[in-house]
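Single-letter residue listing:
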Amino acid sequence: MRALVQTVSRAAVTVDDEVVGKIEDGLLVLLGVTHDDTPAKAAELARKTYELRILDGETSAADRGAPLLVVSQFTLYGDARKGRRPSWSAAAPAEVAEPLVTAYVESLRARGAHVETGRFRAHMLVDSVNVGPQTLMLEL
């Protein structure tokens, strides 16, 4: 699993002109799933994300009670090393990825996190205002 984590003053996901997820002063997490990921990896990455000391004063979302907006992003596993057309073969198929994205979100919520989400398999418009900007890639 890969998570691109960004500190944001605000972030929102819109699907078909409807805001489906929205946060302020928290973390925007773009989450990618590959073929060998498991629910255990999802839980560990959720813990790491929530406890990541990326917010001001070297604090975490867990320390501050900061919200998270999680958006599934299969393109994190894109490979453009050859030619101009990326390959998506390292990304898990939707039927594998969706339950693992759900497991990641549920693991965050089990830790007490306020989590908003995008909508799986939808064409989403993601709007965010980065703070810092601070962006970090986590991978398991």
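Look above for the structure.
None of the values given here were measured: they were computed from a predicted structure.

Thresholds applied
- Residues numbered from 1 in each chain as written.
- Predicted model: local features only at pLDDT ≥ 70, side-chain atom pairs only at ≥ 80, totals over all residues.
- Heavy atoms only, no water.
- Pairing = 2+ DSSP bridges.
- Helix = DSSP H or I, 4+ residues; strand = E, 2+ residues; numbered from the N terminus.
- Axes fitted to C-alpha atoms, helices over the stretch in contact; angles between N-to-C directions.
- Buried < 20%, exposed > 50% of the residue type's maximum accessible area, 1.4 Å probe, protein only.
- Contact = heavy atoms within 4.5 Å.
- Expected span 1.5 Å × (residues − 1).
- Arc of directions from axis to C-beta.
- Salt bridge = Lys/Arg side-chain N within 4 Å of Asp/Glu carboxyl O.

Student: Where do I start with the sheet that holds strand 3 (residues 68-72) in this structure?
Tutor: Backbone hydrogen bonds are what pair the strands of a sheet, in a parallel or an antiparallel way. Ordered by their spatial adjacency, five strands build an open sheet running 4-3-2-1-5, and the pairing between neighbours is mixed. Two strands bound the open sheet, and with one partner strand each, they are strand 4 (115-117) and strand 5 (125-139). Averaged over all pairs of adjacent strands, the angle between their axes in this sheet comes to 35°, without regard to strand direction. Inspection of the sheet shows strand 3 paired to strand 4 by three bridges, in the parallel sense. Following the sheet pairing, leucine 68 is matched in strand 4 by valine 115.

Student: Sorry if this is basic, but what is going on with the environment of proline 86 here?
Tutor: Looking at the element boundaries, proline 86 is found in the loop between strand 3 and helix 3 (94-110). Classification of proline 86 by relative accessible area gives partly exposed; the value is 32%. Spatially, the C-alpha atom of proline 86 lies 9.0 Å from that of threonine 75, the residues being eleven residues apart in sequence. In contact with proline 86, not counting residues within four places along its chain, are Asp79 and Ala80.

Student: How do you make sense of helix 1 (residues 39-51) when you look at a structure like this?
Tutor: Residues separated by three or four positions in an α-helix point in the same direction, a consequence of the helix having 3.6 residues per turn. In a regular helix each residue adds 1.5 Å, so 13 residues correspond to 18 Å; helix 1 covers 18 Å between its end C-alpha atoms and thus fits that length. Every buried residue of helix 1 is accounted for by Ala42, Leu45, Ala46, Thr49 and Tyr50. An end-on view of helix 1 places all buried positions within 130° of arc, on one side of the element. Considering only its buried residues, helix 1 is in contact with strand 1 (2-15), strand 2 (18-32), helix 2 (61-64), strand 3, helix 3 and strand 5.

Student: How do you make sense of the pattern of salt bridges when you look at a structure like this?
Tutor: Counted by the stated rule, this structure contains nine salt bridges. We note a salt bridge from aspartate 36 to lysine 41, for which the minimum N-O separation is 3.8 Å. We classify aspartate 36 as exposed; its relative accessible area is 51%. Here arginine 121 ties to glutamate 95 by a salt bridge, and the two come within 3.9 Å at their closest N and O atoms. Of the two residues, arginine 121 is situated in the loop between strand 4 and strand 5 and glutamate 95 in helix 3; the sequence distance between them amounts to 26 residues.

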